[in-house]
Structure formats: C-alpha cells, structure tokens
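Chains, contacts and geometry: an overview
One-letter residues, chain by chain:
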Amino acid sequence: QVQLVESGGGLVQPGGSLRLSCAVSGTIFSAYTMGWYRQAPGKQRELVATIANSGSTNYAGSVKGRFTISRDNAENTVYLQMNSLKPEDTAVYSCNARRTVGGMPYVYWGQGTQVTVSS
C-alpha cells in the first residue's frame, strides 16, 4: 500500500529553479531513506540525491552545490530544490523510498515527473 507521488516538474529556463515534491502514503515515512533519481533520453537512470531520517545526505557529483534534498516528516514529503538548472538536467525525475529490516530490503518508486530545462 506504499504510494509515492511526485509533483513540481515543468519547463524552466537555464539558470532557473524548480522544487520537486514527493508525497508518501501508506507507511511510516520516517522509517525510510528517500531518494531522487533521474533518467534522460538515451541515458541510464542515475542517482541524484538521497536523505536518511537522520538528515544525512548524498549527492551526485553533477548536482552538488546546485541541488538540495530535504524531508518534512510531519507532511510525509521529500523535496528536491534545484537551482542553477542546466539543459543537461533535463530528465524524468523519480522518487524512491527504501529501508532494510532484518537484512530484507524494501524499495518503492513513484511514477516520475518531467523536468525540461530550455530557453
């Protein structure tokens, strides 16, 4: 019953900003490490950023200093603030929730939201 729904994608000019949101339902949100992934046409899906409930974060080198991942446990939502956007950031961005219990992994995905950076 775990469901992830992304929103906030759209068309933005180079140098602009967007904030993506991922709303999680059907589970205890704080138990999961959350992540954002993206896939551009003709390329493999790649990790963008992750955030644990502790606040610990990881970023892909291509977005460090430009993107910020955060979470609001009260609203069961994870965000990706994207600044200084470049055309090469154009991709479908997907939200991921992951946890390990007793060595057993549990992973859930949203359907994705399109981000297009173009003038």
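An account of the accompanying structure is given in this report. If you're wondering where the values come from, they're calculated on a predicted model, not measured in any experiment.

**Observations concerning the environment of Gly 8**
The residue Gly 8 is located in the loop between strand E1 (3-7) and strand E2 (10-12) in this model. On the basis of relative accessible area, Gly 8 is assigned to the partly exposed category, the value being 35%. Distance in space between the C-alpha atoms of Gly 8 and Cys 22 is 8.9 Å, their sequence separation being 14 residues. If we skip the residues at most four places from it in the chain, Gly 8 touches Leu 18, Arg 19, Leu 20 and Thr 113.

**Looking at the pairing of strand E11 (residues 113-117)**
The alternating pattern of E11 places Thr 113, Val 115 and Val 117 on a buried face and Gln 114 and Thr 116 on a face that is not buried. When E2 meets E11, the two strands line up parallel, connected through three bridges. Paired with Leu 11 across the bridge in E11 is Thr 116. As judged from the three bridges shared by strand E9 (residues 91-101) and E11, these two strands associate in the antiparallel manner. Bridge pairing in E11 links Tyr 93 to Thr 113.

Calculation notes
Residues numbered from 1 in each chain as written. Predicted model: local features only at pLDDT ≥ 70, side-chain atom pairs only at ≥ 80, totals over all residues. Heavy atoms only, no water. Helix = DSSP H or I, 4+ residues; strand = E, 2+ residues; numbered from the N terminus. Buried < 20%, exposed > 50% of the residue type's maximum accessible area, 1.4 Å probe, protein only. Contact = heavy atoms within 4.5 Å. Pairing = 2+ DSSP bridges.

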